[in-house]
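Structural description and commentary
Residue strings, one per chain:
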There are 2 protein chains.
Amino acid sequence: MSFPSTPVTDTPPTAPAQGPAFSPLYQQIKGLILQGLEAGEWRPGELIPSEMELAARFRVSQGTVRKAIDELAAENLVMRRQGKGTFVATHAAQQVQYRFLKLQPDVGDLREEGRAQRQIIDCKRLRAPAEVARLLALRSGDAVMQVRRVLAFAGVPTILEEIWLPGQAFKGLTAEQMGSYQGPTYAMFELEYGVRMVRADEKIRAVLPDAEQAELLAVSNSTPLLSVERVAYTYNDVPMELRRGLYRTDTHHYRNALN
Amino acid sequence: MSFPSTPVTDTPPTAPAQGPAFSPLYQQIKGLILQGLEAGEWRPGELIPSEMELAARFRVSQGTVRKAIDELAAENLVMRRQGKGTFVATHAAQQVQYRFLKLQPDVGDLREEGRAQRQIIDCKRLRAPAEVARLLALRSGDAVMQVRRVLAFAGVPTILEEIWLPGQAFKGLTAEQMGSYQGPTYAMFELEYGVRMVRADEKIRAVLPDAEQAELLAVSNSTPLLSVERVAYTYNDVPMELRRGLYRTDTHHYRNALN
DNA sequence: TAGTGGTCTAGACCACATA
DNA sequence: ATGTGGTCTAGACCACTAC
């Protein structure tokens, strides 16, 4: 068993309990499981140990482990399947494909449209511009990969995007690789680079395209487009991707559920 | 005690358990609490009975009630406060004001900008156009209220919106009422009309304004704007508001967190 | 048949708020 | 001091999956 049987320390009853202190047991367990996920002890799509097993390992009750896993499941980091076990979430899973893509056709469903056709415009290694560096928590001038591509649905070019990735983690990324992989790009990132995106933030604006953008999307330069700037994070809130997209919204719309 | 002491029926062990059947106990309890919320037994902002009290009323354990309330809290229908109790959620609560408004200033915070200035353009009673009727689950031609207004932040007109409400539930709504109420419009709806919005769906597009829209927002007619069509629902997925907004995104942006 | 997660219970103790 | 929600445990049984 490669995972150390870490005994969870009780809060010393004599300690003055200063500062932030006090974290519920299940939060500590959640943290330990998270460490395993980060460390790659269990890879995306794999089964993690059963609740009973984790309870024995951490010397807590099954109920405490359950509550820890409940929170991980609520954050989409793992997926429970009754009768089978708990699995590390993956962007390759059929049910959650394109989890971060909120663009929907006005009629029908994205999955019915079939796979998007991808046209890679270029894939370069560059020095990070200041703004890109800032959003990726790099230093200005650090190496980054830049990919530009167009996604077409049903033959209609709909999304033009510019993807920026930390050069260190994505060393060796090629246009060929971006173009040939079937399925979500985020699934490829997991498989080829061991980088799993767990959440993202988007800033959305309405803009007009410049001449090049208009041509790539086959629209006039007076066609308003959605500008979607996304920063995607891996574990521990580490930013690992900046994606700047232009979406055509004449036949599609950005859909958002507010709770 | 106005709430009947409803005994929860066990699934008859002899019943053939056909069809969908089988709902966990805590889901049934959740449904019963929901009925109380819908019926207005406890109003927005009020305290609901303690877990122990509900457990006694429904003849189940406290743990089962807790799980029911956990789900209601996750859906923002109630709010728990340790040591005090569980409260019916309200749009008037300081912490969740403007829960459905995703527009943020590029620098700073909406709350720091102070209250929005509201300019009511008009407030009319109309017969519902076909599309409005469809989205509000009414019949074409049914009475609806229409409010048009401009919201300005720091003196800059930023949002132009058109609000459609079912005429029956919002009989008597006036421009004066829309303009004079301090705080979120949704809080006024709760207070004055007993209608609580619990979730919403938005469809977002990039558009260009027509002449009137451009003038009201003080932009040129070639300034791209966000078009945000929101349908807000009360309990039981009943649509109660259609709101069509145009957002300026030169100094603000629409912010979305992806999980 | 065995193992998994899902539900339900009962009881103990903790942290927080109020009187 | 009392009552609230929050945590933790232990054990029982249920539903689903696989062998």
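Please read all numbers here as calculations on a predicted model, not as lab measurements. (Residues numbered from 1 in each chain as written. Chains lettered and ligands numbered in written order. Predicted model: local features only at pLDDT ≥ 70, side-chain atom pairs only at ≥ 80, totals over all residues. Heavy atoms only, no water.)

Quick notes on the nonpolar core
Core analysis: the largest hydrophobic core is formed by 61 residues, its most contacted members being Leu226 of chain A together with Leu173 and Leu226 of chain B. If we skip the residues at most four places from it in the chain, leucine 226 of chain A touches Ile204, Arg205, Gly245, Leu246, Tyr247, Thr249 and Tyr254 of chain A together with Ile204, Arg205, Ala206 and Leu226 of chain B. (Core = buried A, V, L, I, M, F, W, Y, C linked by side-chain atoms within 4.5 Å. Buried < 20%, exposed > 50% of the residue type's maximum accessible area, 1.4 Å probe, protein only. Contact = heavy atoms within 4.5 Å.)

A short note on the protein's contact with DNA strand D
Inspection of the region around DNA strand D gives 20 residues, with Leu25, Tyr26, Ser61, Thr64 and Lys67 of chain A positioned closest. Near the protein, meaning within 4 Å, the atoms of DNA strand D are sugar or phosphate in a fraction of 83%, with bases accounting for the rest. Here lysine 67 of chain A contributes a side-chain N or O atom positioned 2.8 Å from a phosphate oxygen of DNA strand D. The set of elements that each furnish at least two residues to the surface near DNA strand D consists of helix H1 (25–39) and helix H3 (62–74) of chain A together with strand E2 (78–81) and strand E3 (85–88) of chain B. Across the surface near DNA strand D, the residue classes break down as four nonpolar, nine polar and seven charged. (Near = heavy atom within 4 Å. Polar contact = N/O pair within 3.5 Å; in protein donor to acceptor, adjacent residues only side chain to side chain. Helix = DSSP H or I, 4+ residues; strand = E, 2+ residues; numbered from the N terminus. Nonpolar A, V, L, I, M, F, W, Y, C, P; charged D, E, K, R; others polar.)

Remarks on the domain arrangement of chain A
Residue and element names in this part refer to chain A. With domains assigned, chain A is organised as domain 1 (25–88) and domain 2 (96–254). Relative placement of domain 1 and domain 2: their C-alpha centres are 31 Å apart. Between domain 1 and domain 2, the contact holds seven residues from the first and seven residues from the second. Contact between domain 1 and domain 2 buries roughly 650 Å² in total, counting both sides, with carbon and sulfur atoms accounting for 58%. (Domains from an automatic or database assignment. Buried area = accessible area lost by both parts, 1.4 Å probe.)

Regarding the environment of serine 227 of chain B
Residues and elements named next belong to chain B. As for its placement among the helices and strands, serine 227 is situated in strand E9 (residues 225–234). Separated by 67 residues in the primary sequence, serine 227 and leucine 160 have C-alpha atoms spaced 9.8 Å apart. Apart from residues no more than four positions distant in its own chain, serine 227 is found in contact with Lys203, Ile204, Arg205, Val207, Gly245 and Leu246.

Structural notes on the relation of the copies chain A and chain B
Each copy of the sequence occupies a distinct position, and chain A is placed on chain B by a rotation of 180° and an axial shift of 0.0 Å, giving an RMSD of 0.0 Å. The relationship between the two copies is best expressed as a two-fold rotation axis. Both copies contact each other with a shared surface, as 100% of the interface residues of chain A are interface residues in chain B too. (Least-squares fit on C-alpha atoms with pLDDT ≥ 70 in both.)

Overview of the protein's contact with DNA strand C
With respect to spatial proximity, 20 residues lie near DNA strand C, and among them Leu25, Tyr26, Ser61, Thr64 and Lys67 of chain B are the closest. Each atom of DNA strand C within 4 Å of the protein belongs either to a base or to sugar and phosphate, the latter forming 81%. Within the side chain of threonine 86 of chain A, a nitrogen or oxygen atom sits 3.5 Å from a phosphate oxygen of DNA strand C. Within the side chain of lysine 67 of chain B, one N or O atom sits 2.8 Å away from a phosphate oxygen of DNA strand C. Of all the elements in the fold, those that place two or more residues in the surface near DNA strand C are strand E2 (78–81) and strand E3 (85–88) of chain A together with helix H1 (25–38) and helix H3 (62–74) of chain B. Here the surface near DNA strand C is composed, by residue class, of four nonpolar, nine polar and seven charged.

As for the packing of helix H2 (residues 51–58) of chain A against H3 of chain A
Residues and elements named next belong to chain A. Following both chains from N to C, one finds H2 and H3 inclined at 110°, their axes separated by 8 Å at the closest point. In terms of their interaxial angle, H2 and H3 are classed as roughly perpendicular. Note that H2 runs across H3; the crossing there is right-handed. Seen from H2, the contacting residues are Glu51, Met52, Leu54 and Ala55; seen from H3, they are Gln62, Val65, Arg66 and Ile69. For the contact of H2 with H3, the residue count by class is five nonpolar, one polar and two charged. (Axes fitted to C-alpha atoms, helices over the stretch in contact; angles between N-to-C directions. Parallel < 35°, antiparallel > 145°, perpendicular 65-115°, else oblique. Left-handed = near helix turned anticlockwise from the far one by under 90°.)

Some thoughts on the sheet that holds strand E9 (residues 225–234) of chain A
A sheet is described by the order of its strands in space; here eight strands give the open sequence E5(A)-E6(A)-E7(A)-E10(A)-E9(A)-E8(A)-E11(B)-E4(B), paired in antiparallel fashion. Looking at the sheet topology across the chains shown, the edges are occupied by strand E5 (117–127) of chain A together with strand E4 (103–105) of chain B. Going across the sheet, the axis of each strand differs from the next one's by a mean of 25°, ignoring polarity. In terms of strand pairing, strand E8 (residues 199–207) of chain A meets E9 of chain A through nine bridges, oriented antiparallel. Note on E9 of chain A: the bridge partner recorded for arginine 205 of chain A is serine 227 of chain A. Lying on the sheet, helix H6 (residues 185–193) of chain A is in contact with E5, strand E6 (143–153), strand E7 (156–166), E9 and strand E10 (238–247) of chain A; it crosses E10 of chain A at an angle near 155°. (Pairing = 2+ DSSP bridges.)

Details of the side chain of threonine 158 of chain B
Residue and element names in this part refer to chain B. Relative to the assigned elements, threonine 158 resides in strand E7 (residues 156–166). With a relative accessible area of 1%, threonine 158 lands in the buried category. Of note is the side chain of threonine 158, whose polar atom sits 2.7 Å from the backbone oxygen of valine 156. Excluding anything up to four places from it in sequence, threonine 158 contacts Leu103, Leu151, Ala152, Phe153, Leu217, Leu246, Tyr247, Arg248 and His252.

With respect to the interface of chain A and chain B
With 31 residues of chain A at the contact, the number on the chain B side is 31 residues. Buried surface at the junction of chain A and chain B, both sides included, amounts to about 2,600 Å², of which 52% is carbon and sulfur. The tally of links between chain A and chain B comes to two salt bridges. One salt bridge connects aspartate 106 of chain A with arginine 205 of chain B, and the closest N-O pair in it is separated by 2.3 Å. Inspection of the region where chain A meets chain B yields 19 residue pairs in polar contact (both at pLDDT 80 or more). Every element with two or more residues in the side of chain A that touches chain B is listed here: E8, E9 and strand E11 (252–258) of chain A. Among the elements that make up the side of chain A that touches chain B, the one with the highest residue count is E8 of chain A (nine residues). Grouping the constituent residues of the side of chain A that touches chain B by class yields 13 nonpolar, seven polar and eleven charged. (Salt bridge = Lys/Arg side-chain N within 4 Å of Asp/Glu carboxyl O.)

Describing the UniProt feature "domain: HTH gntR-type" (unreviewed entry) in chain A
The UniProt entry lists residues 23–91 of chain A under the feature "domain: HTH gntR-type" (unreviewed entry), expressed in the numbering used here. Its end C-alpha atoms 31 Å apart, residues 23–91 of chain A is made of 52% helix and 14% strand. (UniProt positions renumbered as here; feature names shortened; annotations may be inferred.)

Thoughts on the side chain of arginine 230 of chain B
Here arginine 230 of chain B is to be found in strand E9. Among the polar contacts made by the side chain of arginine 230 of chain B, one reaches the main-chain carbonyl oxygen of phenylalanine 100 of chain B at a distance of 2.9 Å. Side chain to side chain, arginine 230 of chain B and glutamate 202 of chain B meet in a polar contact 2.8 Å long. Look past the residues within four positions of arginine 230 of chain B in its chain and what remains in contact with it is Leu258 of chain A together with Phe100, Leu101, Tyr186, Ala200, Asp201, Glu202, Glu241, Leu242, Arg243 and Tyr247 of chain B.

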